[in-house]
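Chains, contacts and geometry: an overview
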Amino acid sequence: MFETRPDRDAEVVLVGRSNVGKSTLMRELTGHSFAKGRKPGVTRQPNHYDWVSEDFVITDLPGFGFMSGVPEERREAIKTDIVRYLETYAENILVAVVVVDGKSAVDIIDRHTGADEVPHDVEFVMLLRDLEVPTIIAVNKMDKVDDRDDRLDDIADRFGLLPPWTQWRDTIAPITAKRGEIAALTDAVNGHLEDAKRDDLKKFF
Ligand SMILES: Nc1nc2c(ncn2[C@@H]2O[C@H](COP(=O)(O)OP(=O)(O)OP(=O)(O)O)[C@@H](O)[C@H]2O)c(=O)[nH]1
Ligand SMILES: [Mg+2]
């Protein structure tokens, strides 16, 4: 398992397929630049960002799923490590942000939905639900999506949330991390922090 976590109590995690923009979002949230790239699989170990004065950490987990040039075995190992990390720290994680690519998420999910197959993204949302971790689906790269409401309705549907997506603003947050357009996400995170009576952490979002 990843052995990098600083000794902090409360945590917000970013999780998602490779190349969806987690590290870009992490930069927007923290103001600190993390390696990001064109090539999937850039983040191999978690990026943790914490503050000297606060018992709080934001974690950008490595991406799962297809990464060109990364063997299947290695990809499975990364996914197992992510699952273990979430299970181990479920009590600490106040909010999990599952980042998906607005342009490709529906196609990828549909391609991997079968009799004995659950797509990774859906599987992670189900795992987080089982772990009782409040979860937000951040739909990133909205700058590349034309049919915004239709696309978001389809994404809601694929995660088992009855459309219209606008009923789920605490769960579905359309963003364009690259341009810093992340207000839908920070609003949703803050709502969950309020629910958890952690208003003290709202200043980070
Ligand atoms: N068009 C568009 N591209 C974006 C957006 N956010 C990130 N990207 C691009 O997507 C690519 C991948 O971004 P990363 O932040 O490295 O993705 P990641 O999810 O951390 O990837 P891994 O570390 O492999 O898991 C980069 O080329 C980013 O510039 C966005 O809102 N719109
Ligand atoms: Mg990354």
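In what follows, the accompanying structure is described.

Parameters at a glance
Residues numbered from 1 in each chain as written. Chains lettered and ligands numbered in written order. Predicted model: local features only at pLDDT ≥ 70, side-chain atom pairs only at ≥ 80, totals over all residues. Heavy atoms only, no water. 1 Å grid on protein atoms, 1.4 Å probe; cavity = no way out; pocket = protein on both sides within 12 Å on 5 of 7 lines; lining within 4 Å. Points joined across faces, edges and corners; volume = space filled by probe spheres on them. Helix = DSSP H or I, 4+ residues; strand = E, 2+ residues; numbered from the N terminus. Nonpolar A, V, L, I, M, F, W, Y, C, P; charged D, E, K, R; others polar. Buried < 20%, exposed > 50% of the residue type's maximum accessible area, 1.4 Å probe, protein only. Lys, Arg positive; Asp, Glu negative; His and termini not counted. Salt bridge = Lys/Arg side-chain N within 4 Å of Asp/Glu carboxyl O. Contact = heavy atoms within 4.5 Å. Pairing = 2+ DSSP bridges. Axes fitted to C-alpha atoms, helices over the stretch in contact; angles between N-to-C directions. Core = buried A, V, L, I, M, F, W, Y, C linked by side-chain atoms within 4.5 Å.

**Overview of the layout of surface pockets**
Approximately 440 Å³ is the volume found for the second largest pocket. Lining of the second largest pocket is provided by 25 residues; of these, Arg17, Phe64, Gly65, Phe66 and Ile108 occupy positions nearest its centre. Every element with two or more residues in the lining of the second largest pocket is listed here: helix H2 (72-89), strand S4 (93-101), helix H3 (105-111) and helix H4 (120-130). With four residues, the top contributor of residues to the lining of the second largest pocket is H2. Grouping the constituent residues of the lining of the second largest pocket by class yields ten nonpolar, six polar and nine charged.

**Things to note about the side chain of Asp121**
Here Asp121 is to be found in helix H4. Buried charge without a partner: Asp121 forms no salt bridge, and the closest opposite charge is Arg17, 4.3 Å away. The residues contacting Asp121, other than those within four sequence positions of it, are Arg17, Phe64, Val100, Ile109 and Phe159.

**A closer look at the sheet that holds S4**
Sheet strands pair via backbone hydrogen bonds, and the direction of the pair is either parallel or antiparallel. Overall, mixed pairing links the six strands, which are arranged S2-S3-S1-S4-S5-S6 in an open sheet. Two strands lie at the open edges of the sheet, namely strand S2 (47-50) and strand S6 (172-174), each paired on one side alone. Adjacent strand axes in the sheet meet at a mean angle of 20°, parallel and antiparallel pairs treated alike. Pairing between strand S1 (residues 10-16) and strand S3 (residues 56-60): five bridges, direction parallel. Following the sheet pairing, Glu11 is matched in S3 by Val57.

**Some remarks on the side chain of Asp81**
With respect to the element layout, Asp81 can be found in helix H2. One buried charged residue, Asp81, remains without a salt bridge, the closest side chain of opposite sign being Arg84 at 4.2 Å. Those residues in contact with Asp81, other than ones at most four positions away along the chain, are Met1 and Phe2.

**Structural notes on the nonpolar core**
If you look at the biggest cluster of nonpolar residues, it comprises 37 residues, and the most contacted ones within it are Leu61, Ile82, Leu86, Val139 and Phe159. Elements with a contribution of two residues or more to this core: S1, H2, S4, H3, H4, strand S5 (135-140) and helix H5 (148-158). With near-sequence residues (within four places) excluded, Val139 lies in contact with Val100, Gly102, Leu152, Ile155, Ile172, Ala173, Pro174 and Ile175. Residues Leu25, Ile136, Ile182 and Leu193 belong to the second largest nonpolar core, which totals 28 residues.

**Remarks on the pairing of S5**
Burial of S5 is extensive: six of the six residues sit out of reach of the surface. Burial of the side chains of S5 extends over both faces: Thr135, Ile137 and Val139 are buried on one face and Ile136, Ala138 and Asn140 on the other. Examined bridge by bridge, S4 and S5 share six bridges and lie parallel to one another. Paired with Asp101 across the strands is Asn140, a residue of S5. With three bridges joining them, S5 and S6 adopt parallel strand pairing. Within the sheet, the bridge partner assigned to Ala138 lies in S6 and is Ala173.

**Brief notes about the pairing of S1**
For S1, a buried count of seven out of seven residues is recorded, marking the element as mostly surrounded by other parts of the structure. With six bridges joining them, S1 and S4 adopt parallel strand pairing. Across the sheet, the residue bridging to Gly16 is Val99, located in S4.

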